[in-house]
There are 2 protein chains.
Amino acid sequence: MKVSQKALACNLSPMRKFYPYSVAAKQQGKKIYSLNIGQPDIATPTAYFDAVKNFELPVLAYAASPGIPELIKAIQHYYDNLGIHYEESDILITTGGSEALQMLMLSILDPGDEIIIPEPFYPNYNTFVKSAGGVIRPLTTTPEEGYRYAVREKLEALVNDKTRAIMFTNPGNPTGVVLTPEELRIIADFAKEHDLYVIGDEVYREFVYGGEKLATIGAFEDINENAIIIDSVSKRFSACGARIGTIITRNKLLQQQLLKFCQARLSVATLDQVASTALYSVGPEYFEAVREEYKRRRDTCYAKLMQIPGVIASAPQGAFYMMAALPVDNADTFQKWLLTDFDDNGDTVMFAPGEGFYATPGRGLNEVRIAYVLKQEDLERAMDVLAIAIKKYNETH
Amino acid sequence: MKVSQKALACNLSPMRKFYPYSVAAKQQGKKIYSLNIGQPDIATPTAYFDAVKNFELPVLAYAASPGIPELIKAIQHYYDNLGIHYEESDILITTGGSEALQMLMLSILDPGDEIIIPEPFYPNYNTFVKSAGGVIRPLTTTPEEGYRYAVREKLEALVNDKTRAIMFTNPGNPTGVVLTPEELRIIADFAKEHDLYVIGDEVYREFVYGGEKLATIGAFEDINENAIIIDSVSKRFSACGARIGTIITRNKLLQQQLLKFCQARLSVATLDQVASTALYSVGPEYFEAVREEYKRRRDTCYAKLMQIPGVIASAPQGAFYMMAALPVDNADTFQKWLLTDFDDNGDTVMFAPGEGFYATPGRGLNEVRIAYVLKQEDLERAMDVLAIAIKKYNETH
């Protein structure tokens, strides 16, 4: 029996491909510092669990297909506080940002249609785009240029009559790049002129370390028809397991298409929606505390990394990732070796090798994504282990 | 900006299209007996809510992409009790049966590929198939023939070199048809000879009213490579809002493709998986009690329906739906009229008009799907209201 060409064109996750080796390493008694997946260790606000415990209905019924009104209103209120007003019908609740992306790609891409994405990018974009029959047209950035991408000439060079959209994670995963208002304006103008959707994946919005509010694509009113926001409770409230996301757009025709997919899958999990509504009652002091914690981690991680000879990285301005070029021949080989052949006093470390974050073949071979989601002392130890490992690896390879 | 052709080819749900009229009718003070959606009124087992309340981890983290091992084992055990053994790797947890269907269609269908589905069928199949670029080749059945479809000549007439699969809901939604082991054998032989996937959507498995165990496609070992089971806790445990489903196949190549989609969307909601694991500890006495309740409802609904002159229906053998041809010119017009222009002592009734359950244009125009998900006295009243309404409608149209 045949499987589809589009499924064959997709890959397993580069964040999870070394999982079998990590299991084996653990069985050998190694301690692994896991910096490969963006799973924060911050406690989920208790408001979530309180809401779940207070759920009193005897039947766990389907919710409304667009989402429960209480959660939609909570998200509307959150955006009102950012100075951006959306109608309730502009906001659709999804099963994580992931489902939002899947529905969106199916709604805007036909086979052969193109979407511009700066690389390195979140690798799961590959599956969402390819399964819709679409093609990623990467805008290549480099560690030397700090992975910045909002450059008009570079954007213009990629557009053609198949181009439907430009999509980016802002703040950036895996790069930590935060767009300035001026950069976002460049992208907005570009999208407007070429009649493209602008998709801002802003799930890391609260994680900006320069003290500024994130410049968001939702604030540019002249591109109301173009702009689409992807958002989620996963990172914001350390509630990744809730699988509650949202897709926000003022484009009515697009809303209608998305609603078809919402209805086809009936609804998003009821309890998780109820509990996520309670998350939005958490005040700004929660975000501040978490942001400070991640900022310290970023500073630690970046400072330690810069002490390793030959490493190229820029201090990430947001999210909780950084991309770094390591002085090794191949990050994939190095990661495997870290799990199978190396330890320092029983410790080793796990990253996501960089190649899977690029669409252009041959790019990112010596890069890794580091998720600084562990507490200070663990991060420090992980960076020390990395320094020792690079030295030893290069002595033996 | 363009939206995709495949999204435009999809429709809003026929089960939900009269929702705005129902809201208006309620505002006028009408009481609506809702038989349009398969939302049971049976209490969800308390094991679900107990498990949720006992969840003690401070971080609501991502679960493993294929599903949590405890739930996979619980489902494995459930199938072992049916005499069918699956490996753990054969079972992937999904966000409802809906996500299972979406992932499956993306995994097996490329643009233009065909899938045979007996009509009338569950309308959301349209969106899952079309969004993958696929084409539904309907096997037309009729109320006069009791909506039966496992007829070799009819199947053979639909197959061509684009055909990839045959899919059916068994027990049937919307028809209530339950395949006999002999009928299932016909389909299995057909699939085997033509190298097709056989997709058994068996979410209503426990709702078979003749006393027999459901004949399942999973029991035919000679088609291990072809067989795919879609399953869910939604109807079985009256836990529709949990959004926990599963896709089960022994086909390794297909498993690999499905796993790509599982990884791309990271995981299924953690709490709902933990709580759904607890549901599988509910004993067979739970199924028996619920089955008896639905059987009574079916009997009531069918007996009352048969007293209305001109109605054509067969007693459904499973699930909790029946399809019926009504003596009206158009079920869509009739449904709208029921909400806008009719009431009997303030009461009216809501069905899902039949047209949306067919792929062949012009079919099902005078049919409706009735979900007998209300308690006895409400069902009786709903059928009485229907009888009065048909009479009045035909006097005025």
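Residues numbered from 1 in each chain as written. Chains lettered and ligands numbered in written order. Predicted model: local features only at pLDDT ≥ 70, side-chain atom pairs only at ≥ 80, totals over all residues. Heavy atoms only, no water.

Chemist: Honestly, the interface of chain B and chain A in this entry has me stumped. Any pointers?
Modeler: Interfaces are frequently sized by the accessible area removed from exposure as the parts join. Taken together, the 79 residues of chain B in the interface contact 79 residues of chain A. Together chain B and chain A conceal approximately 6,400 Å² of surface at their shared face, both sides included; 59% is due to carbon and sulfur atoms. By the criterion of area lost to chain A, the three top residues of chain B are B:Met1, B:Leu60 and B:Tyr62, representing 13% of everything that side buries. For the interface between chain B and chain A, the tally reads 2 salt bridges. With a closest N to O distance of 3.9 Å, A:Lys6 and B:Asp110 form a salt bridge. (Contact = heavy atoms within 4.5 Å. Buried area = accessible area lost by both parts, 1.4 Å probe. Salt bridge = Lys/Arg side-chain N within 4 Å of Asp/Glu carboxyl O.)

Chemist: Would you mind showing me how to read the layout of surface pockets here?
Modeler: A probe as big as a water molecule, rolled over the atoms, marks out the empty space that is left. The computed volume of the largest pocket comes to approximately 1,200 Å³. Forming the walls of the largest pocket are 36 residues, and the residues nearest its centre are A:Ala64, A:Ser65, A:Pro66, B:Arg16 and B:Tyr19. Residue assignment for the lining of the largest pocket shows that the elements contributing at least two residues are helix H4 (69-81), strand E2 (91-94) and helix H9 (252-264) of chain A together with helix H2 (19-27) and strand E1 (31-34) of chain B. When its residues are assigned to classes, the lining of the largest pocket shows 21 nonpolar, 10 polar and 5 charged. A volume near 670 Å³ is recorded for the second largest pocket. (1 Å grid on protein atoms, 1.4 Å probe; cavity = no way out; pocket = protein on both sides within 12 Å on 5 of 7 lines; lining within 4 Å. Points joined across faces, edges and corners; volume = space filled by probe spheres on them. Helix = DSSP H or I, 4+ residues; strand = E, 2+ residues; numbered from the N terminus. Nonpolar A, V, L, I, M, F, W, Y, C, P; charged D, E, K, R; others polar.)

Chemist: Before we go on, may I ask you to explain the pattern of salt bridges in this structure?
Modeler: A side chain with one charge can pair with a side chain of the opposite charge if their charged atoms come near. Residues and elements named next belong to chain A. Evaluation of the coordinates by the stated rule reveals 50 salt bridges over all chains. Among the salt bridges present, the one from aspartate 113 reaches arginine 164, with a minimum N-O distance of 3.5 Å. Here the residue aspartate 113 occupies a position in the loop between helix H5 (96-108) and strand E3 (114-119), and arginine 164 occupies one in strand E5 (residues 163-169), the gap between them amounting to 51 residues. Arginine 164 gets classed as buried once you look at its relative accessible area, which sits at 11%. By sharing partners, the salt bridges in this structure join Asp41, Glu293, Arg296 and Arg297 into a single network. (Buried < 20%, exposed > 50% of the residue type's maximum accessible area, 1.4 Å probe, protein only.)

Chemist: Even after reading the chapter, I still don't get the sheet that holds strand E5 (residues 163-169) of chain B, so can you show me in this structure?
Modeler: Strand pairing in a sheet takes place through backbone hydrogen bonds and is either antiparallel or parallel in direction. Residue and element names in this part refer to chain B. Spatially, E2-E8-E7-E6-E5-E3-E4 is the arrangement adopted by the 7 strands of the open sheet, whose pairing is mixed. With partners counted over all chains shown, the strands left at the sheet margins are strand E2 (91-94) and strand E4 (135-140), one partner each. Taking each pair of neighbouring strands and ignoring which way they run, the sheet shows an average axis angle of 25°. Looking at chain direction, E5 and strand E6 (residues 197-201) are connected through 5 bridges and run parallel. The partner of phenylalanine 168 across the bridge, within E6, is glycine 200. The sheet contacts of helix H4 (residues 69-81) involve E2, strand E7 (227-232) and strand E8 (245-249), and relative to E2 the element is tilted by about 120°. Of the strands in this sheet, strand E3 (114-119), E4, E5 and E6 are in contact with helix H6 (residues 124-131), which crosses E4 at around 140°. (Pairing = 2+ DSSP bridges. Axes fitted to C-alpha atoms, helices over the stretch in contact; angles between N-to-C directions.)

Chemist: In this structure, what is going on with the relation of the copies chain B and chain A? I would like to understand it.
Modeler: Placing chain B over chain A gives an RMSD of 0.0 Å and needs a rotation angle of 180°, together with 0.0 Å of translation along the axis. In short, the pair behaves as if placed about a two-fold rotation axis. Within chain B, the C-alpha atom positioned nearest to the axis of rotation is that of B:Lys53, 2.6 Å from it. Counting the interface residues of chain B, we find that 100% of their copies in chain A are interface residues as well, pointing to one common contact surface. (Least-squares fit on C-alpha atoms with pLDDT ≥ 70 in both.)

Chemist: I keep staring at H4(B) and nothing clicks. Help me out?
Modeler: It helps to recall that an α-helix has 3.6 residues per turn; residues three or four apart then point in one direction. Residue and element names in this part refer to chain B. For H4, built from 13 residues, the straight-helix expectation of 18 Å at 1.5 Å per residue is met to within 8% by its first-to-last C-alpha distance of 18 Å. When we look at burial in H4, the residues that qualify are Leu71, Ile72, Ala74, Ile75, Gln76, Tyr78 and Tyr79. If you follow the buried residues of H4, they end up packed against E2, E7, E8, helix H10 (270-279) and helix H11 (284-306). (Expected span 1.5 Å × (residues − 1).)

Chemist: Even after reading the chapter, I still don't get the pairing of E3(A), so can you show me in this structure?
Modeler: Consecutive side chains along a regular strand alternate between the two faces of the sheet. Residue and element names in this part refer to chain A. In terms of residue burial, E3 counts as a mostly covered element, since 6 of its 6 residues are buried. The two faces of E3 match: Glu114, Ile116 and Pro118 on one face and Ile115, Ile117 and Glu119 on the other face are all buried. Two strands pair when backbone bridges link them, and E3 and strand E4 (residues 135-140) are joined in this way by 6 bridges, in the parallel orientation. Residue pairing for E4: glutamate 119 is matched across the bridge by threonine 140. Where the polypeptide runs from E3 across helix H6 (residues 124-131) and back to E4, its parallel neighbour, the crossover connection is right-handed. Where E3 and E5 come together, 3 bridges link them in parallel fashion. Of the residues in E5, the one forming a bridge with glutamate 114 is threonine 163. (Right-handed = clockwise from strand over helix to strand, strands pointing away.)

Chemist: Help me understand the confidence of the model for chain A, please; the structure alone is not making it clear to me.
Modeler: Detailed conclusions should not be drawn from predicted coordinates in areas where pLDDT is low. Taken over all residues, the pLDDT of chain A has a mean of 95, while the share at 70 or more is 100%. Taken together, the chains of this predicted complex give a pTM of 0.96 and an interface ipTM of 0.95. (pLDDT = per-residue confidence, 0-100.)

Chemist: What's the story with the environment of A:Ile166 in this structure? I'm lost.
Modeler: All names here are of chain A. Position of isoleucine 166 relative to the elements: it lies in strand E5. Isoleucine 166 gets classed as buried once you look at its relative accessible area, which sits at 0%. Measuring from C-alpha to C-alpha, the distance between isoleucine 166 and asparagine 224 comes to 15 Å, with 58 residues separating the pair along the chain. Once residues within four sequence positions are removed from consideration, isoleucine 166 is found in contact with Ile116, Leu155, Ile187, Phe190, Tyr197, Val198 and Ile199.

Chemist: What is the right way to read the sheet that holds strand E10 (residues 321-325) of chain A from this model?
Modeler: Residue and element names in this part refer to chain A. Taken together, 4 strands build an open sheet; the order of strands is E9-E10-E13-E12 and the sheet is antiparallel. The outermost strands of the open sheet, each flanked by one partner alone, are strand E9 (312-313) and strand E12 (352-353). In this sheet, E10 lies alongside E9 in antiparallel orientation, the contact comprising 2 bridges. Considered in E10, the bridge of alanine 313 is made with alanine 324. In the packing of helix H11 (residues 284-306) onto the sheet, the strands contacted are E9, E10 and strand E13 (367-371), and the crossing angle to E10 comes to about 5°.

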